[in-house]
Amino acid sequence: MNEKKSREQAIEELTGLADKDLMERFEFRNICQDEVDQAIAIEQICFPPNEACAPRAIKERVAAAPELFLVAVDKATGKIAGFLNGLSTKEYQFRDEFFTDISLYDPEGKHIMLLGLDVLPEYRKQGLAREIVYQYCRREQEKGRDMLHLTCLANKVKMYKKFGFVDRGIANSNWGGEEWHEMTCGI
């Protein structure tokens, strides 16, 4: 068995196979520049003010790294239902500056610092978050990336473990004045 196939199998084992119903209902693709306002609005809905990324930071990410901003677009409405975004880097540890400093983006980086998984309330509890993570893992693995990093609150650790992430303990982060867990997923 070749290495690429075994890595793909590992991703499938960690996150599950693509959900055919969700694949029919949603289009998974890079964000378009004209969708930045939708992404900003969704971020404000999905995160409390102290945790949400500033509109300026989201605009900068979309402008600099749209290929690292995966959206799930509801085919029936043409609107974004959810997204996952991050920045590639050669760094090995998550730090809060990734949320605010686009200059940390390195297109050649093998690590992705995930900066937000957002799913609108009306699309939750349908497997969409899992599918977005799965699609993101697959495409970043195909680009030769090695690892995904994120921080999350304690109440989300169980969910991310189901997605194949490993809890590394309390993160060196105080984003939004909260205590975060650092989690990683090899891809």
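Just so it is clear, the model here is predicted, and its values are computed rather than measured.

Another point: the layout of surface pockets. Considered as a void within the structure, the largest pocket measures approximately 740 Å³ in volume. Along the walls of the largest pocket sit 32 residues, with Phe47, Leu117, Lys156, Met159 and Tyr160 positioned nearest its centre. Put simply, the parts of the chain that give the lining of the largest pocket at least two residues each are helix 3 (36-46), strand 4 (111-119), helix 6 (128-142), strand 5 (147-152) and helix 7 (157-162). No other element matches strand 4, which puts six residues into the lining of the largest pocket. Of the residues belonging to the lining of the largest pocket, the class tally is 20 nonpolar, five polar and seven charged.

To continue, consider the packing of aromatic side chains. Here a ring pair, both rings aromatic, is described through the centre-centre distance and the interplanar angle of the planes. Tallied over the full model, the rule gives eight aromatic pairs. Ring geometry for Phe99 and Trp175: centres 4.4 Å apart, planes at 25°, overall stacked. With Phe99 in helix 5 (residues 97-100) and Trp175 in the loop between strand 6 (166-170) and strand 7 (181-186), the pair connects residues that are 76 residues apart, well separated along the chain. Take Phe99 and Trp175: they sit in the same class, and that class is buried. Considering the side-chain rings of Tyr160 and Phe163, the 5.8 Å spacing of their centres and the 90° angle between planes classify their relative orientation as edge-to-face. One exposure class covers both Tyr160 and Phe163, and it is buried. One Lys or Arg, Arg95, reaches over the ring of Phe98 and ends 5.5 Å from the middle of that ring. Seen from the ring of Tyr136, Arg139 lies directly overhead, with NZ or CZ sitting 5.2 Å from the centre.

Definitions and cut-offs
Residues numbered from 1 in each chain as written. Predicted model: local features only at pLDDT ≥ 70, side-chain atom pairs only at ≥ 80, totals over all residues. Heavy atoms only, no water. 1 Å grid on protein atoms, 1.4 Å probe; cavity = no way out; pocket = protein on both sides within 12 Å on 5 of 7 lines; lining within 4 Å. Points joined across faces, edges and corners; volume = space filled by probe spheres on them. Helix = DSSP H or I, 4+ residues; strand = E, 2+ residues; numbered from the N terminus. Nonpolar A, V, L, I, M, F, W, Y, C, P; charged D, E, K, R; others polar. Phe/Tyr/Trp six-rings, centres within 6.5 Å; stacked < 30°, edge-to-face > 60°. Buried < 20%, exposed > 50% of the residue type's maximum accessible area, 1.4 Å probe, protein only. Lys NZ or Arg CZ within 6 Å of the ring centre and 35° of its normal.

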